[in-house]
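Summary of the model geometry
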Amino acid sequence: MRLLLVEDDAELGRRLGDRLRGAGFAVDLATTRADAEAWPEMEHIDAVVLDLGLPDGSGMDLLRHWRGGRVDTPILILTARGSWQDKVAGLNAGADDFVVKPVRFEELLARLNALLRRQSGQRESALEAGGIRLDPITREVTLDGAPLQLSRQEFRLLHLFLRRAGHVLPQADIIEHLYELGELRDRNTVEVLVGRLRRKVGTQRITTQRGLGYRFEK
Ligand code: CA
């Protein structure tokens, strides 16, 4: 899953970015309202974490701009403690949820995963298909009940596959959702990554749909 984190506080942005990457997300970081508003690949962002106080404008205006432009990406806002007005205004402007600063990472992660789950119509926190179970919060993956060790990228890819189990996943979609802006991305990298994941989860679980992409078989 790929996130856009909009946060002008460099230290907080770095810290949250690191921890979100550690939790299996690809994270793009924007530090100003102008940067975020002009983000080049908004359609490939799975969720936004938006700080309301930005140096060149209000995150609230950005939120209204996105919702007015029919951007329906889940958005979680970061609000100041005690500011119930921000929470109400944010939710009314189209935010899906909020976390109060100072941010407790575990809460942010739980709320983000809940948003993504709601969006994909899932109720359970863990995703399951084809004997594989992936818990996005604990990052535990099991194959027929046995623990499976995955690299960060393999985890991201499996998460994406499980969210779209049974559907063809075009290679371009994998690239867009898996890699951060500016990261090296090409088709060979995806092929190698899919190959590595296949060896771990069983080759028959991920089929190649010639000319279309890959499918995780339920
Ligand atoms: Ca700020």
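In this text, all values refer to a predicted model and were calculated from it rather than measured experimentally.

A few points about the pairing of strand E7 (residues 97-101)
For strand E6 (residues 75-80) and E7, the ladder comprises 5 bridges, and the chain directions are parallel. From the neighbouring strand, Leu 76 faces E7, where its bridge partner is Asp 97. Taken together, E6, helix H4 (residues 84-92) and E7 form a β-α-β motif whose crossover is right-handed.

Comments concerning the nonpolar core
The biggest cluster of nonpolar side chains holds 49 residues, and the ones touching the most others in it are Phe 25, Leu 108, Leu 158, Phe 161, Ile 174 and Phe 216. Those residues in contact with Leu 108 that sit more than four places away from it in its chain are Leu 16, Val 49, Leu 76, Leu 78, Val 99 and Val 103. Formed by 20 residues, the second largest nonpolar core is a distinct cluster that contains Trp 39, Leu 62, Leu 63 and Ile 75.

Brief notes about the coordination of the calcium ion
Listed as protein donors to the calcium ion are Asp 8 (OD), Asp 51 (OD) and Gly 53 (O); their distances from the metal cover 2.2 to 2.4 Å. Sequence positions of the donors to the calcium ion reduce to the motif D-x42-D-x1-G. Relative accessible area serves as the criterion here: at 5%, Asp 51 is assigned to the buried category.

Examining unusual backbone geometry
Cis geometry is adopted by the peptide bond preceding Pro 102, which originates at Lys 101 and carries an omega value of -5°. One can find Pro 102 in the loop between E7 and helix H5 (105-119). In this structure, Asp 144 takes a positive phi of about 50° despite not being glycine. If you trace the backbone, Asp 144 turns up in the loop between strand E10 (141-143) and strand E11 (146-147). With relative accessibility at 62%, the residue Asp 144 sits in the exposed group.

What to know about a negative patch on the surface
A cluster of acidic residues, Asp 8, Asp 9, Asp 35 and Asp 56, forms a negative patch at the surface. Mapped onto the fold, Asp 56 is located in the loop between strand E4 (53-54) and strand E5 (57-58). For Asp 56, a relative accessible area of 38% gives the class partly exposed.

A few points about the packing of aromatic side chains
Using the criterion set out here, one finds 1 aromatic pair in the structure. Where Phe 161 meets Phe 216, the ring centres are 6.2 Å apart and the plane angle is 35°; that geometry is what we call tilted. Linking Phe 161 in helix H6 (residues 152-163) with Phe 216 in strand E14 (residues 213-216), this pair joins segments that are 55 residues apart in sequence. Classification of Phe 216 as buried rests on a relative accessible area of 0%. The ring centre of Phe 155 lies 4.3 Å from the NZ or CZ of Arg 139, which sits over that ring.

Brief notes about the sheet that holds strand E8 (residues 127-129)
Judged by pairing direction, the sheet is antiparallel, and its 4 strands sit side by side in the order E8-E9-E10-E11 without closing on themselves. The outermost strands of the open sheet, each flanked by one partner alone, are E8 and E11. Where strand E9 (residues 132-134) lies against E10, 3 bridges are found, and the strand directions are antiparallel. Within E10, the position partnered with Arg 133 by the bridge is Thr 142.

Considerations on the sheet that holds E14
Pairing is antiparallel in the open sheet, where 3 strands are placed in the order E12-E14-E13. Both edges of this open sheet fall to strand E12 (168-169) and strand E13 (206-209), since each of them pairs with a single strand only. Looking at chain direction, E12 and E14 are connected through 2 bridges and run antiparallel. In the sheet register, Leu 169 faces E14, and the bridge partner there is Tyr 214. Sheet strands touched by helix H8 (residues 187-201): E13 and E14. Its angle to E13, the strand with the most contacts, is close to 145°.

What counts and what doesn't
Residues numbered from 1 in each chain as written. Predicted model: local features only at pLDDT ≥ 70, side-chain atom pairs only at ≥ 80, totals over all residues. Heavy atoms only, no water. Pairing = 2+ DSSP bridges. Helix = DSSP H or I, 4+ residues; strand = E, 2+ residues; numbered from the N terminus. Right-handed = clockwise from strand over helix to strand, strands pointing away. Core = buried A, V, L, I, M, F, W, Y, C linked by side-chain atoms within 4.5 Å. Buried < 20%, exposed > 50% of the residue type's maximum accessible area, 1.4 Å probe, protein only. Contact = heavy atoms within 4.5 Å. Donors = N, O, S within 2.8 Å, 3.2 Å for Na, K, Ca; no water. Patch = residues over 30% accessible without salt bridge, like charges linked within 9 Å, V, L, I, M, F, W, Y side chains within 5 Å. Areas by Shrake-Rupley, 256 points an atom, 1.4 Å probe, with all protein chains shown as cover. Salt bridge = Lys/Arg side-chain N within 4 Å of Asp/Glu carboxyl O. Lys, Arg positive; Asp, Glu negative; His and termini not counted. Charge placed at Lys NZ, Arg CZ, Asp CG, Glu CD. Phe/Tyr/Trp six-rings, centres within 6.5 Å; stacked < 30°, edge-to-face > 60°. Lys NZ or Arg CZ within 6 Å of the ring centre and 35° of its normal. Axes fitted to C-alpha atoms, helices over the stretch in contact; angles between N-to-C directions.

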